[in-house]
Amino acid sequence: MDWSDHAMWWPDKNTWLLRTNSTLDQCHVMADSKLWFTPMHKTLRVQLPDMQLLDLPVSFSSMVFNAVQDLCKDLGIRHPEELSFLRRPQEKSLLKPNGKDTIRKKRGDRDRDSMASSNSADLASTGSLDGIAPHSPTPFNKSRSGTNTPGTPGSNSSFPGQNGTAVSIYSTGSSYSDGSCEGLNMSLTNSPQVPTREALDGLVRPKTFREKAIINKGWLDSSKSLMEQGLRENDTLMLRYKYFSFYDLDPKQDAVRINQIYEQAKWGLLTEEIDCTEEEMVMFAALQLQINLQSILPQQTDMNAKNGKDDIDADLLDLEKVLQGTNISSISHHDITNVPELKDEFKYFRPKKLTLKGYKKGFFTFRDIHLTQYKSKEDMPHNPLHKHSLKGKASL
């Protein structure tokens, strides 16, 4: 068995013994101290912003910031600094005074730690010595979650897993297969329209600022590990965007990220966690409906992408056509000593006293500093009507 992922956990001091070059005496460990020899990577039940529940391997010994960074790398989400872990709020905790839940929670953690230490002889399914049974995968009901979120572009896949079950990609000491990775990526890009009953039961509608403050109090400290903050294997945490300020959104690279941002905003509006007016909610729904309708239409073929040209080159070529300029690539085939000439048909008017005539049409050419007028285009370059020199004149 590979023990490279194991480390010592000191439950009485609530700390990891990760300094492998130090002795137990240097770490102030006494003879009667109880230590756990347990894996650093454990299964964590993570609720994504789109309400999907996934059993994912997370480092319980690293700081929360680094754990979120590694998790987002596996999920294909860029800029993981925008996300963090949030404790799942309970409806009862919003009704209790501040402090009682913390005391009861600490007492529950001590009971769970004592249970794990007493059952340390029985190994869990992941090889942990905690002795706590892992969650079983939640079945995926196609009849309830068989449609994608409106407006999410992509395929018509309607599964978070390939076999009709919730994705559980934990494997001790190894990475998951490419097939499960591909199915997971598709499920994160195309979220189920209706989440599971377990996810819906965990929704909380805060009614006052106090209740919102209690929910926001559940953000984990990014500078501490999960174990140091009372989390154990198979606990449930919510992965959420902490601040609604996003950097470098690219539809080509951030399909999963954009979908998760939209899903968190949608559920934030439905639970009234985000303060907004009814008109703003209607506008949000109308924009998403427009995206949904546009995604159904056939996509136009991008000719510039086929020719290997970027947007800047395409804009420059369009500007050349508008100005009737010379193609840059064909300059070598023309005489650069030739003086350019502008020509077009214009309407002109000569002001006179007591005149009732209006504008007249004429064909004009401008070459060098001379403006020449012809009756029509067929008369050039012979038979000019007028020829004006613009030397020393600021305007006509």
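These notes cover the structure that comes with them. (Residues numbered from 1 in each chain as written. Predicted model: local features only at pLDDT ≥ 70, side-chain atom pairs only at ≥ 80, totals over all residues. Heavy atoms only, no water.)

**Thoughts on the overall build of the protein**
The secondary structure content of the protein amounts to 9 helices and 11 strands. Per-residue burial over the protein gives 35% buried out of 396 residues. In the protein, 62% of the contacts between residues at least 6 apart in sequence involve partners at least 24 apart. Split by element, the accessible area of the protein, about 25900 Å² in all, is 55% carbon and sulfur. (Helix = DSSP H or I, 4+ residues; strand = E, 2+ residues; numbered from the N terminus. Buried < 20%, exposed > 50% of the residue type's maximum accessible area, 1.4 Å probe, protein only. Contact = heavy atoms within 4.5 Å. Areas by Shrake-Rupley, 256 points an atom, 1.4 Å probe, with all protein chains shown as cover.)

**Some remarks on the pattern of salt bridges**
It is possible for side chains bearing opposite charge to pair when their charged atoms get close. Under the defined criterion, the tally for this structure stands at 8 salt bridges. Put simply, Glu 82 and Arg 257 hold a salt bridge, and the shortest N to O gap is 2.8 Å. With Glu 82 in the loop between α1 (64-75) and β6 (83-87) and Arg 257 in helix α6 (residues 255-270), this pair connects stretches of sequence that are 175 residues apart. Among the salt bridges present, the one from Lys 212 reaches Asp 275, with a minimum N-O distance of 2.6 Å. Separated by 63 residues along the polypeptide, Lys 212 in helix α5 (residues 209-216) and Asp 275 in the loop between α6 and α7 (278-296) bring together distant segments of the chain. Here Asp 275 falls in the exposed class, since its relative accessible area comes to 57%. (Salt bridge = Lys/Arg side-chain N within 4 Å of Asp/Glu carboxyl O.)

**A few points about the packing of α6 against α7**
Where α6 contacts α7, the axes come no closer than 11 Å and their chain directions differ by 145 degrees. The interaxial crossing formed by α6 with α7 has left-handed handedness. On the side of α6, the interface is formed by Tyr 262, Ala 265, Lys 266 and Leu 269, while α7 contributes Met 281, Phe 284 and Gln 288. Its residues assigned to classes, the contact of α6 with α7 shows 5 nonpolar, 1 polar and 1 charged. (Axes fitted to C-alpha atoms, helices over the stretch in contact; angles between N-to-C directions. Left-handed = near helix turned anticlockwise from the far one by under 90°. Nonpolar A, V, L, I, M, F, W, Y, C, P; charged D, E, K, R; others polar.)

**Looking at the side chain of Gln 47**
Of note, Gln 47 is situated in strand β4 (residues 41-47). Residue Gln 47 is classed as buried on the basis of its relative accessible area, which comes to 2%. Beyond its immediate sequence surroundings of up to four residues, Gln 47 is in contact with Gln 52, Leu 53, Arg 88, Ala 199, Leu 237, Met 238, Leu 239 and Arg 240.

**Examining the side chain of Lys 212**
Judged by its relative accessible area of 16%, Lys 212 falls in the buried class. What Lys 212 contacts, discounting residues up to four positions off in sequence, is Pro 206, Glu 272, Glu 273 and Asp 275.

**As for the sheet that holds strand β7 (residues 236-241)**
Strand order in this open sheet of 4 strands is β5-β4-β7-β6, and the pairing throughout is mixed. Strands with a single pairing partner mark the edges of an open sheet, and in this sheet they are β5 (53-59) and β6. Across the sheet, the mean angle separating the axes of adjacent strands is 45 degrees when strand polarity is ignored. Where β6 lies against β7, 5 bridges are found, and the strand directions are antiparallel. Opposite Arg 87, over in β7, you have Leu 237 as the bridge partner. (Pairing = 2+ DSSP bridges.)

**Topic: the pairing of β5**
A regular strand places its side chains on the two faces of the sheet in alternate fashion. Among the 7 residues that make up β5, 6 are buried, leaving the element largely enclosed by the rest of the structure. Summarising the sheet, β4 and β5 pair through 7 bridges and their orientation is antiparallel. When the bridges of β5 are listed, Thr 43 appears paired with Pro 57. Counting the residues that bridge the hairpin from β4 to β5 gives 5 residues, and of these Met 51 lies at a positive phi of roughly 75 degrees.

**Comments concerning the packing of aromatic side chains**
In the structure shown here, the tally under the stated rule is 6 aromatic pairs. Judged by centre distance (5.5 Å) and plane angle (35 degrees), the ring pair of Trp 3 and Phe 37 falls under tilted. Taken together, the positions of Trp 3 in the segment before β1 (6-10) and Phe 37 in strand β3 (residues 36-39) put the pair 34 residues apart, joining distant regions of the chain. Relative accessible area serves as the criterion here: at 45%, Trp 3 is assigned to the partly exposed category. With a relative accessible area of 31%, Phe 37 lands in the partly exposed category. Members of the aromatic cluster, joined through ring pairs, are Tyr 241, Phe 244 and Phe 246. The cationic tip of Lys 13 hangs over the ring face of Trp 10; the distance from NZ or CZ to the ring centre is 5.9 Å. (Phe/Tyr/Trp six-rings, centres within 6.5 Å; stacked < 30°, edge-to-face > 60°. Lys NZ or Arg CZ within 6 Å of the ring centre and 35° of its normal.)

**A word on a positive patch on the surface**
There is a patch of like positive charges on the surface, built from Arg 350, Lys 352, Lys 357 and Lys 360. Mapped onto the secondary structure, Lys 357 falls in the loop between β8 (341-348) and β9 (360-367). Residue Lys 357 is classed as exposed on the basis of its relative accessible area of 59%. (Patch = residues over 30% accessible without salt bridge, like charges linked within 9 Å, V, L, I, M, F, W, Y side chains within 5 Å. Lys, Arg positive; Asp, Glu negative; His and termini not counted. Charge placed at Lys NZ, Arg CZ, Asp CG, Glu CD.)

**Points about the environment of Arg 87**
Here Arg 87 is to be found in strand β6. For Arg 87, a relative accessible area of 23% gives the class partly exposed. At 2.5 Å, the side chain of Arg 87 forms a polar contact with the backbone oxygen of Gln 229. (Polar contact = N/O pair within 3.5 Å; in protein donor to acceptor, adjacent residues only side chain to side chain.)

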